[in-house]
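Read off the chains here:
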Amino acid sequence: AAGGADWVLTPEATNLLGASRELQDLILHVESEDPTLAALQDEARALGIWLLIGSLSLKTGEPGEDRFANRSFLIAPDGGIRARYDKLHMFDVTVSARESYRESAAFRPGGRAVLADGPMPTGMTICYDLRFPQLFRALAKAGAGVLTVPAAFNDTTGAAHWEVLLRARAIENMCYVVSSNTAR
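Below or above, wherever it landed, is the structure these notes cover. (Residues numbered from 1 in each chain as written. Predicted model: local features only at pLDDT ≥ 70, side-chain atom pairs only at ≥ 80, totals over all residues. Heavy atoms only, no water.)

Here we come to the pattern of salt bridges. Tallying each qualifying case throughout the model produces 11 salt bridges. Residue aspartate 42 pairs with arginine 45 through a salt bridge whose shortest N-O separation is 2.8 Å. Taken as a pair, aspartate 42 and arginine 45 lie in helix α2 (residues 35–47) at a separation of three residues, close to a single helical turn. Classification of aspartate 42 by relative accessible area gives partly exposed; the value is 43%. We classify arginine 45 as partly exposed; its relative accessible area is 42%. Of the charged contacts, one joins glutamate 163 and arginine 167 as a salt bridge, the two residues approaching to 3.6 Å between their closest N and O atoms. Taken as a pair, glutamate 163 and arginine 167 lie in helix α4 (residues 155–173) at a separation of four residues, close to a single helical turn. Overall, glutamate 163 belongs to the exposed group, its relative accessible area being 52%. (Salt bridge = Lys/Arg side-chain N within 4 Å of Asp/Glu carboxyl O. Helix = DSSP H or I, 4+ residues; strand = E, 2+ residues; numbered from the N terminus. Buried < 20%, exposed > 50% of the residue type's maximum accessible area, 1.4 Å probe, protein only.)

Here it is as C-alpha cells:
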C-alpha cells in the first residue's frame, strides 16, 4: 500500500498450508472466530485497500461435516467482506507412483461460482479450479473483468502448467487474470 497498491491478493491457504490433520484441528476456526480473517480485515481497513484473501482453511461449523472449507474472501477498503467463495474443484490426483494428493479428504468442495462486486467485477477461483475452463468462461460471460487465481500449486504440476494455464484462461476469456502462488 505504501508503494501505491490499492488491491492486494494473497495465496491459497494464507493461514495454514500443511497436511497434518491434528494441526488443522488444533488451529483452524469457524469463520466468525478466525483471528487471521479478523486481522486481515483490520489491515485492509487501516490501509484503505481492497484485499483478496486467496483462501483461508476454515472449519465449516456444519453438523456432521468433519472436512474444512477452502474459502476465499474479497475484503473492501472499509474492512467489510464483499464476497466469499469456496473452492469448487478438489485437487485429487495421482502424479506418480510415489506422489498423489487427495484434497477432498480434508476439504469439502463449494457449491457455486462467485462473481464479486469489487474494484471491477471479479470472478473468484482457487488453484485447481484453473484446470476447468468452463468455470472461467461462465464467470467471464457473467461480466467478470478480472479473474483471480490464488494458489498453492505444487512443484511438479506447477512447473509444467501454472503459467501456461493462467495465460490460457486470460486469452480464452479476454479478461485480466490476477494470481498469486506460495513461494517454494
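Let's shift gears to the sheet that holds strand β2 (residues 50–59). Read from one edge to the other, the open sheet built from four strands follows the order β1-β2-β3-β4, with strand pairing classed as mixed. Each edge of the open sheet carries a strand with a single partner, namely β1 (7–9) and β4 (81–86). For this sheet, the mean inter-axis angle between neighbouring strands, taken without regard to orientation, is 25°. Bridging between β2 and strand β3 (residues 68–75) involves seven bridges; their strand directions are antiparallel. Following the sheet pairing, leucine 58 is matched in β3 by alanine 69. The strands touched by α2 within the sheet are β2, β3 and β4, with β2 carrying the most contacts at an inclination of about 170°. (Pairing = 2+ DSSP bridges. Axes fitted to C-alpha atoms, helices over the stretch in contact; angles between N-to-C directions. Contact = heavy atoms within 4.5 Å.)

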